[in-house]
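Structural features, examined
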Amino acid sequence: MKTFGKILLFTGIGFALIQLIPTDKVNQPINRRVNFTDVNKTPEKVAGLLKGACYDCHSDETVYPDYAYIAPVSWSVKSHVNEGREHMNLSVWDTYNKDLKESMLTQSMQTLRNRSMPMPGYIVYHKEANLSDAERELLIKYLEGLLESGSY
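Now for a quick tour of the structure. (Residues numbered from 1 in each chain as written. Predicted model: local features only at pLDDT ≥ 70, side-chain atom pairs only at ≥ 80, totals over all residues. Heavy atoms only, no water.)

Now for the pattern of salt bridges. Considering all chains together, one arrives at eight salt bridges under this definition. Between Glu 61 and Arg 32 there is a salt bridge; the shortest N-O distance is 3.5 Å. Here Arg 32 lies in the loop between α1 (2-18) and α2 (36-39) and Glu 61 lies in the loop between α3 (44-53) and α4 (73-87), a separation of 29 residues in the sequence. Owing to a relative accessible area of 42%, Arg 32 belongs among the partly exposed residues under this scheme. Members of the salt-bridge network, linked through shared partners, are Arg 32, Asp 38, Lys 51 and Glu 61. (Salt bridge = Lys/Arg side-chain N within 4 Å of Asp/Glu carboxyl O. Helix = DSSP H or I, 4+ residues; strand = E, 2+ residues; numbered from the N terminus. Buried < 20%, exposed > 50% of the residue type's maximum accessible area, 1.4 Å probe, protein only.)

Axis separation between helix α5 (residues 98-113) and helix α7 (residues 133-149) bottoms out at 10 Å; the angle between their running directions is 160°. The orientation of α5 with respect to α7, classified from their angle, is roughly antiparallel. Where α5 crosses over α7, the two elements pack in a sense that is left-handed. In this structure, α5 uses Glu 102, Leu 105, Thr 106, Ser 108, Met 109, Thr 111, Leu 112 and Arg 113 to contact α7, whose residues at the interface are Arg 136, Leu 139, Ile 140, Leu 143, Glu 144, Leu 146 and Leu 147. Here the contact of α5 with α7 is composed, by residue class, of eight nonpolar, three polar and four charged. (Axes fitted to C-alpha atoms, helices over the stretch in contact; angles between N-to-C directions. Parallel < 35°, antiparallel > 145°, perpendicular 65-115°, else oblique. Left-handed = near helix turned anticlockwise from the far one by under 90°. Contact = heavy atoms within 4.5 Å. Nonpolar A, V, L, I, M, F, W, Y, C, P; charged D, E, K, R; others polar.)

On to the environment of Ser 149. Counting through the fold element by element, Ser 149 comes out in helix α7. Reaching out from Ser 149, the side chain makes a polar contact with the backbone oxygen of Leu 146 at a distance of 3.0 Å. (Polar contact = N/O pair within 3.5 Å; in protein donor to acceptor, adjacent residues only side chain to side chain.)

Bringing the side chain of Asp 56 into the picture now. With respect to the helices and strands, the residue Asp 56 is situated in the loop between α3 and α4. The side chain of Asp 56 is buried and forms no salt bridge, while Arg 85, the nearest opposite charge, is found at 8.0 Å. One polar contact links the side chain of Asp 56 to the main-chain amide nitrogen of Val 63, over a distance of 2.9 Å. Every residue in contact with Asp 56, bar those within four places of it in the chain, is listed here: Glu 61, Thr 62, Val 63, Val 81, Tyr 122 and His 126. (Lys, Arg positive; Asp, Glu negative; His and termini not counted.)

Relative to each other, α3 and α7 sit at 110°, their axes nearing to 10 Å. With respect to α7, the element α3 is oriented roughly perpendicular. Helix-helix and strand crossings are classified by hand; for α3 and α7 the assignment is left-handed. Between α3 and α7, the contacting residues are Lys 45, Val 46, Leu 49 and Leu 50 on the first element and Glu 135, Leu 138, Leu 139 and Tyr 142 on the second.

Before going further, it helps to spend a moment on the side chain of Ser 59. Note that Ser 59 resides in the loop between α3 and α4. Taking the relative accessible area as the measure of exposure, Ser 59 reaches 0% and is therefore buried. Within polar-contact distance, the side chain of Ser 59 engages the backbone oxygen of Tyr 55 at 2.5 Å. For Ser 59, the contacting residues outside a window of four places in its chain are Arg 85, Asn 89, Leu 90 and Ser 91.

Written out as structure tokens, the structure reads:
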């Protein structure tokens, strides 16, 4: 029992110490002149779906939940946000060139169709991101419309 107590004590100390490792969760200021929903004058319903299902990982408007402040979970959350922003950051949409925008819109439609986005693990803790078939179809139609019009 002494060995188990020591393991438990050192595990607790280790867990407490890793809480001291900072994770940057500061969002960049939003410039509405380059933000996707503002630039494209996105309808309110579609904008709401995008904000609920996409913006936490694909924008500078991330709302970090309480569990994102506890290491080592915080490291994983921040890694996912960084990776999402690298693939597409909707907060800087209008800074991308036309070819990149077209590629990102096409990829977004594909991930919506094959249900790889929003990530299943994200949906577990964010019910608003659990898009119905109708909501997925609405987003896809909206993105298709942007592509067809060339006004992206």
